[in-house]
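# Coordinates in review
Chain by chain, the residues run as shown.
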Amino acid sequence: MLTQLRLENFKSWRNTGDIGLKPITGFFGPNSSGKTSLYQGLLMMKQTDDSPDLGSVFHFGDEKTPVDLGDFESVVYGHDTTLSLKIALCWKSRTDFGLRNEYGEDVIVDEGSDIGFEVESRERDLGSGKSLLLEEMAYLIADQRIGARRDPDQPDYFLTPPFPNDYAYSPPPLFYHFPYFKAIDLTGSGNFESLRRSPFFSELEGELHSLLQNLYYLGPLRASPRRTYTRSRVQPGDVGPDGGFLVDALLSSRERGQLKQWGANPGKLAIDEYAAAWLKRLGLVHDFRVEALAEGKRVFEVKVRKSPHSAEVLLTDVGFGVSQIVPVLALCFYVPQQSTVILEQPDIHLHPSAQAGLADVFIDTWKNHNVQILFESHSEHLLRRLQRRIAEEEISKDDVGLYFCSADDSGGSNISLLEVDQYGNISNWPKDFFGDQFGEIAAMSEAALRRRGDSS
């Protein structure tokens, strides 16, 4: 689970400072306040890890990736290419994590589950043109910093802190990998070894790789419902960034017998049954199911009933909001335990009561499935329900992180933690957080009084 994030010189963020990430973390604020950029750094790291191109420090994206950020100039703060781009993460390992110190007493790492990672990149002119270079990367464990940095004058890298018989190394293949090097005599015994292949480094790289692979994203522009769906007979890793793999995921989950706990009840449901149960609880539909057009065929329909006695219809024939929320429900319960799900505007196209109900979906996702939720929203109803559930002790305030983002006059972004007490109260409510409600009511009353006076 991610526990901390920091961005420096990333899009509208000069420096976010250390943002604490909780099991349920929400980012609120007006349009163009930098909310989306907060998780785009994470998605950039993930799509770089997924990319077959090992020659780039970061894969800024294209039409096939979750985010398309353009190039370094488009990403760096103020489009100032003299700045360096920095990203820092902290997370809890899935298991207690210990590293073996194989090469002397200069590097000592104790067992523990908290791991940090920092990376810095900068654009440099190498004579043949500008290129994005890895300046430094480092892992942080048990108060130890272990990584590699680039020689400012040479295309070489050095390990940090210096290891026994420190040598220059060639550039690493990925931003979180330790650099390669020619075999050297580490111990002076005449036996040449490759420090690059040591479990000491491979285990660290594997930890970050696992974190990124268990990071899932659903964007705000989800696929429109279709009258029929053709099964691709693959097992997707998730529902896709636009929910396009929804039916494949539901059917794959059913075939694997993947069951999920339904709230506090002892029974377990398949993912499509679970989504149907939540749709009913949210008041959106009464029944939801995926059905093959004919036995043995690969073409399926998604059918729903609005009420117990209404006719069954296709998903295309009900309100658009239903088709937009189903991928959210499916993704939350399809991903493996200890994953992190990023949801952009999960409440889009939903009625206010269903928006509020999403808070209960998130709480259930964390408490019963051990999946972390990071979301961006404009919904006051969603926020208010989270506050209520904290007051009702359905979830601890320590498991919820709420942030408000705003833009300053220079075009940069600022972020502040909303201070929530054990009763769900927010003590530092930002001015006009969801608009000036009292001002609107007062203006309406004044207008009514004027009209009554004019007509008398």
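Look up: the structure comes first, before these words.
Structure report, in brief. Owing to the predicted nature of the structure, the values given are computational and were not obtained by experimental measurement.

## Some remarks on the sheet that holds strand β19 (residues 400-407)
Taken in spatial order, the six strands of this open sheet run β10-β17-β18-β4-β19-β20, and their pairing is mixed. Two strands in the sheet have a free side with no partner beyond their single neighbour: β10 (215-218) and β20 (413-417). Strand-to-strand twist in this sheet, taken as the mean axis angle between neighbours without regard to direction, amounts to 20°. Here strand β4 (residues 24-28) pairs with strand β18 (residues 372-376) via four bridges, running parallel. Looking at β18, one finds that Gly26 is bridged to Phe375. Packing against the sheet, helix α7 (residues 352-369) makes contact with β4, β17 (340-344) and β18, and its axis sits at approximately 155° to β18.

## Quick look at the pattern of salt bridges
Summed over all chains, the structure comprises 25 salt bridges. Asp114 serves as the salt-bridge partner of Lys92, at 2.8 Å between the closest nitrogen and oxygen. With Lys92 in strand β5 (residues 85-97) and Asp114 in strand β6 (residues 112-125), this residue pair connects regions lying 22 residues apart in the sequence. A salt bridge links Arg289 to Glu312; the shortest N-O distance between them is 2.7 Å. With Arg289 in strand β14 (residues 287-292) and Glu312 in the loop between β15 (299-305) and β16 (313-314), this residue pair connects regions lying 23 residues apart in the sequence. For Arg289, a relative accessible area of 32% corresponds to the partly exposed category.

## Things to note about the packing of α7 against helix α8 (residues 380-391)
Two numbers describe how α7 lies on α8: the axes approach to 7 Å, and their chain directions differ by 45°. When the interaxial angle is binned, α7 and α8 end up oblique. Handedness of the crossing formed by α7 with α8: right-handed. Where α7 approaches α8, its residues Pro352, Gln355, Ala356, Gly357, Leu358, Ala359, Asp360, Phe362 and Ile363 are matched on the opposing element by His381, Leu382, Arg385, Leu386 and Arg389. In terms of residue class, the contact of α7 with α8 is made up of eight nonpolar, three polar and three charged.

## Here we look at the pairing of β4
Of all five residues that make up β4, five are buried, and the element is covered over most of its length. In β4, alternate side chains face the same way, and those of Ile24, Gly26 and Phe28 on one face and Thr25 and Phe27 on the other are all buried. Pairing between β4 and β19: five bridges, direction parallel. Paired with Phe27 across the two strands is Tyr403, which belongs to β19.

## Section: the layout of surface pockets
Its boundaries defined by the atoms lining it, the largest pocket holds a volume of some 370 Å³. Of all elements in the fold, only α1 (35-50) and β10 reach the threshold of two or more residues within the lining of the largest pocket. With four residues, α1 is the largest single contributor of residues to the lining of the largest pocket. Counted by class, the lining of the largest pocket contains nine nonpolar, six polar and four charged residues. The calculated volume of the second largest pocket comes to roughly 290 Å³. If you go around the second largest pocket, you meet 20 residues; those closest to its centre are Val57, Leu133, Leu134, Tyr157 and Pro171. Ranked by the residues each element gives to the lining of the second largest pocket, the list is headed by strand β7 (residues 130-141), at three residues. Along the lines of polarity and charge, the residues of the lining of the second largest pocket split into 14 nonpolar, three polar and three charged.

Here is what the cut-offs are and how they apply
- For every chain, the first residue of the written sequence is number 1, and numbering continues from 1 onward in sequence order.
- Two thresholds apply to this predicted model, a pLDDT of at least 70 for residue-level local features and 80 or more for giving and counting side-chain atom pairs, whereas whole-chain, interface and lining totals are computed over all residues.
- Water and hydrogen atoms were dropped before computing side-chain values, which therefore reflect all heavy atoms in the structure.
- DSSP bridges decide pairing: two strands pair if at least two such bridges lie between them.
- Under the DSSP-based scheme used, a helix requires at least four consecutive residues in state H or I and a strand at least two consecutive residues in state E, with every element numbered from the N terminus.
- Angles shown run from 0 to 180 degrees and are taken between the N-to-C directions of axes, each axis being a line fitted to C-alpha atoms and, for helices, limited to the stretch in contact.
- By definition in these notes, contact holds between two residues if any of their heavy atoms fall within 4.5 Å.
- Between Lys or Arg on one side and Asp or Glu on the other, a salt bridge is scored when a side-chain nitrogen of the former is within 4 Å of a carboxyl oxygen of the latter.
- Throughout this description, buried means an accessible area under 20% of the type-specific maximum (1.4 Å probe, protein chains only), exposed means over 50%, and partly exposed covers the range between.
- For classification purposes, angles smaller than 35 degrees are called roughly parallel, those larger than 145 roughly antiparallel, those between 65 and 115 roughly perpendicular, and all remaining angles oblique.
- Here a crossing is called left-handed whenever its near helix is offset anticlockwise from the far helix by less than a right angle, and right-handed whenever the offset is clockwise.
- Classification convention: Asp, Glu, Lys, Arg as charged; Ala, Val, Leu, Ile, Met, Phe, Trp, Tyr, Cys, Pro as nonpolar; all other residues, Gly among them, as polar.
- Definitions used throughout: a 1 Å grid over protein atoms alone; a cavity as a set of points that fits a 1.4 Å probe which cannot get out; a pocket as an open set with protein on both sides within 12 Å along at least five of seven lines; a lining residue as one with an atom within 4 Å of a point.
- Grid points are joined across faces, edges and corners, and a volume is the space filled by probe spheres set on the points.

Don't take any of this as a statement about function, it's just geometry.
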